[in-house]
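Spelled out, the chains give:
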Amino acid sequence: MGSDKQSSGLLDTLKMETVRTILTHSYPYPHEHSRHLVIAVFVGCLFFISSDNMHTLIQKLDSNVKWWSMYACLLGFFYFFSSPFIGKTFKPSYSNFSRWYIAWILVAALYHLPSFQSMGVDLRMNLSLFLTLFVSSILFLLVFHVIFLGLWYLGLVARVAGKRPEFLTIMQNCAVLSIACCVFYSHCGNLAVLREKTFDRRNSGWFSWWNKEEPHTWLAKLVGMTKLKGQVCKSWFAPVGSASDYPFLSKWVIYGELTCNGSCTESSNEISPLYSLWATFIGLYIANYVVERSSGWALSRPLSLKEFEKLKKKQTKPEFLDMVPWYSGTSADLFKTMFDLLVSVTLFVGRFDMRMMQAAMSRVEEGAKQEDLLYDQFSEKDGLWFDFMADTGDGGNSSYSVARLLAQPSLRLQVNGSMLTLPRGDMLLIGGDLAYPNPSSFTYEKRLFRPFEYALQPPMWYKEEHIAVSKPELPPEVDELRQYDGPQCFVIPGNHDWFDGLQTYMRYICHKSWLGGWFMPQKKSYFALELPNRWWVFGLDLALHCDIDIYQFKFFSELVRDKVGENDSVIIMTHEPNWLLDWYFNQKTGKNVTYLIRDHLKGRCRLRIAGDVHHYMRHSYVPSNKPVYVQHLLVNGCGGAFLHPTHVFKNFNKINGTSYETKASYPTFEDSSRIALGNILKFRKKNWQFDVIGGMIYFMLVFSMFPQCHLDHILKDDTLSERLGTFFGTVWDAFMYMLGCSYVSAAGAILLLTIAIVFVPSKVSWKKRLLIGILHVSAHLAAALILMLLMELAVETCIRHNLLATSGYHTLYQWYRSVESEHFPDPTGLRARIEQWTFGLYPACIKYLMSGFDVPEVMAVTRNNICKNGMDSLSRGGAVPKEWKLDPNWDGESKEPSYLQRFPSKWRAKALHQDPVNTVRIIDHFVIEQKEKSDSGLSNGSFNQ
């Protein structure tokens, strides 16, 4: 009894759901190790930095305003570029790549400036050491992963180990552990601790903190962090031993640096503490990976109840997709959308129209009797509530918020001091654009169906993969559509739904029966609904024509003639509000729709509803003696997509001879204007992936004007005002040079101007459009030119102070190789063996990675070469000249014997920098000394005549 009761209690505690989750939960290999390592490295940096005497560093700060202003500009620029990533999740992605990229360029730019050297900090060792460790870590871990996958392929490790790690995860881990090693080296060095100077814990300053006999408090000890730092370096990070302790590893390690007063007569025998730390990190990574993958612990490890509750809490959160990055230059979906739009416009529109196919598939000819298009199940009700929305399927959070409101049985709201109850609609009308950016199974399922299924679940017996062949597919307990009392849904397609020729829409709307808990009896992309009290809804499909086709017109015109009474009221639902868009763009669309409303309905159209524009706005007609086109015009594109402004339509007041006035708008005109102005500063923070497009545009505008070789006149001015005047004068000169000589940049500016003018609303006069376009492009062009000249001026300043372009493209690598043996002894020749085994690949990778990292140095060297030798100096194929011309020096020289002439050769290279006289260099230089004669030889072999 006791045993059974105890077992039962255990099962009640665990529950079968818990047990099932514990045994079957998939736990992918995490990348959070990088996050933990970053935190550890950050804490370590704070500790070591605080241990230095900050007062001394402050005293060493360079007081030169020029350099510190350059620091301020650099930090300001990089803060601007990195600000969108603050607070974002730290994971391998494009966002994380941008973080590393911005940090890379910032460090590469900062370490050339002199103020770090004035503080006694030389970043060259840290940078070169980081890049060396980074390459070594990547190569080592790649070899390990290849071997591990090979063992998995041979069946020597568990089958669950077959999942390959992400390469970005490996790079991120290598970067973090390399930074940690560099932080250690910056403060502890690579010194070899002699064996007789081992750390004595009893007499250490670290443990003396706890000695109660000390007269000073531990807080006073904390101020002197230098001593503590030394103890930490000598104890926690001391070398693991000497080569004699590990004879097997003696030829596979790097040794510590000896400190001697003068030259050391013996080589170090102590293993490098830096090498030990790096090997420890690599070993921990490998051990963690092998244990998790071989045992399957990372993929299906048992969870404790505490971990399970934490995991369950995480699983109960909905997995919604983010908003579509419309201004992203890196989104494959957006490029696919553009391609689909191009195909749809050129292929489907005017050649193949799905609406023609639907008309051909109709079973009867008379439009008024077509059951596939006309639905009258609501006509006998006493009253009807319906909801209308459009433009859903963008961000999951916003779309679900709207769907959740639609799903509530009722909403109680306070209006003018009284409570108003709004019941859930018997019918939901959706006005198109069901998923962004393009129609596909993924976007429809994740952006449309998932939020609505979370808001109102479909029936238990509903299967997601089910295809409705014969609609309406009613629930088992319902005999006909009139008897079904649940909410129903009718949907028209929008322009985004037409990007694939309406294929996805037909599969998911016309051949599925449930959108969440809303029943969908709809069979075609357009329809007519007969509602109670002589009300009708016409759902029109405008496709990409912004108008209905002739088959729709035939159906609705015959329906009006045969079924719609003279006193009936009609609601027309379209995707686009052509009354607003036609006014804004000064165009005329939807002629068939206008003809249907004006000449067939003849005043019976009481309301037009549409989406496409993502805001809410309602206009009502101004009473007059003239015939009324439509009484009310309503736009509600607030289904979950981004927000469009309303203030640009505040002057709309007339269409088809009927005057209108604005009755309501969301946001208000004032709020809309304020939000639009805020976009000037907030646009990039929300659309940081636009950097790719913006960078390409700016580069196209100015790249043909690189380099600006004559900027020294700006630096010669004495006062700040004179320098600013000279600088902006140089900006104007660069602009004039672009128009007159730089044809590529001028062509880019003209193209950008054309685009800017096209995007100005066509209802604006052409003079204003031209003025707006010129001002818009001028702002971008001025920004691009100013940024170009600031960068050129910074490079020129550094070159003049010998901070850049001192020894060629491989300055950092050459410096590192000159000090490598001194600071990282290698008496066994490990580096030479690795170079031999990798066929020179290992040092070549480090060499070119250092050159690639040092972007300012590469720019400065290239700039100098172009300024001295012209653009032809960039060509690597011109090492051997192929074009020659007569040397004017030879031609003008007196015709003496050739061996006496200063210019004896008739032809010289057409490009001077390719001439052999200018490119010749010494490859080898040596001297063979004559052997001295011995005394015996001289005595025996000498003779006189």
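Every value quoted in this text rests on a predicted model; they were computed, and no experiment measured them. (Residues numbered from 1 in each chain as written. Predicted model: local features only at pLDDT ≥ 70, side-chain atom pairs only at ≥ 80, totals over all residues. Heavy atoms only, no water.)

Draft legend 1. Region of interest: the nonpolar core. Of all hydrophobic cores here, the largest spans 43 residues; its most connected members are Met125, Leu129, Leu141, Leu274, Phe824 and Met850. Sorting the residues of this core by element identifies α8 (123-153), α9 (167-188), α13 (273-295), α30 (811-823) and α32 (841-853) as the ones contributing at least two each. (Core = buried A, V, L, I, M, F, W, Y, C linked by side-chain atoms within 4.5 Å. Buried < 20%, exposed > 50% of the residue type's maximum accessible area, 1.4 Å probe, protein only. Helix = DSSP H or I, 4+ residues; strand = E, 2+ residues; numbered from the N terminus.)

Draft legend 2. Representation of the sheet that holds strand β11 (residues 569-573). The sheet built from 9 strands is open, its strands ordered β1-β9-β10-β11-β12-β14-β13-β16-β15 with mixed pairing. Edge strands, defined here as strands with exactly one partner in the open sheet, are β1 (374-375) and β15 (654-655). Note that β11 and strand β12 (residues 605-610) share 4 bridges and pair parallel. The residue bridging Val570 from the neighbouring strand is Cys605, located in β12. Along the sheet, helix α23 (residues 591-601) makes contact with β10 (535-539), β11 and β12, crossing β12 at roughly 165 degrees. (Pairing = 2+ DSSP bridges. Contact = heavy atoms within 4.5 Å. Axes fitted to C-alpha atoms, helices over the stretch in contact; angles between N-to-C directions.)

Draft legend 3. Highlighting the pattern of salt bridges. Enumeration over the complete set of coordinates arrives at 15 salt bridges. Here Asp376 and Arg482 are joined by a salt bridge, their closest N and O atoms 3.2 Å apart. Taken together, the residues Asp376 in the loop between β1 and β2 (386-389) and Arg482 in the loop between α19 (441-455) and β6 (488-491) connect sequence positions 106 residues apart. Residue classification places Asp376 among the partly exposed residues on the basis of a relative accessible area of 32%. Residue classification places Arg482 among the partly exposed positions, given a relative accessible area of 32%. (Salt bridge = Lys/Arg side-chain N within 4 Å of Asp/Glu carboxyl O.)

Draft legend 4. Representation of the environment of Ser745 in the model. You can see Ser745 is positioned in helix α28 (residues 743-758). Along the primary structure Ser745 and Phe699 are separated by 46 residues, whereas in three dimensions their C-alpha atoms are 8.9 Å apart. Beyond its immediate stretch of four places on either side in the chain, Ser745 contacts Met700, Leu701, Val702, Phe703, Ser704, Met705 and Met738.

Draft legend 5. The arrangement of the confidence of the model for the protein in detail. Here the protein averages 78 in pLDDT, while 73% of its residues score no lower than 70. Contacts for the low-pLDDT stretch residues 364-369, under 50 throughout, to residues beyond four places or in other chains number 11 contacts. (pLDDT = per-residue confidence, 0-100.)

Draft legend 6. Looking closely at the UniProt feature "transmembrane region" (unreviewed entry) in the protein. Per the UniProt record, the feature "transmembrane region" (unreviewed entry) sits at residues 37-55, 67-86, 98-116, 128-155, 175-194, 688-706, 734-758 and 770-791. Within residues 688-706, the helical portion is 63% and the strand portion 0%, while the C-alpha atoms at the span's ends are 26 Å from each other. Secondary structure across residues 734-758 divides into 92% helix and 0% strand, with the first and last C-alpha atoms of the span separated by 27 Å. (UniProt positions renumbered as here; feature names shortened; annotations may be inferred.)

Draft legend 7. The pairing of strand β9 (residues 527-531), seen in detail. In terms of residue burial, β9 counts as a mostly covered element, since 4 of its 5 residues are buried. Inspection of the sheet shows β1 paired to β9 by 2 bridges, in the parallel sense. Directly across from Leu374, in β9, lies its bridge partner Ala528. As paired strands, β9 and β10 are joined by 5 bridges and run antiparallel to one another. If you follow Ala528 over to β10, its bridge partner there is Phe538. Between β9 and β10, which pair antiparallel and follow one another directly, the connecting turn spans 3 residues, one of which, Asn533, has a positive phi of 55 degrees.

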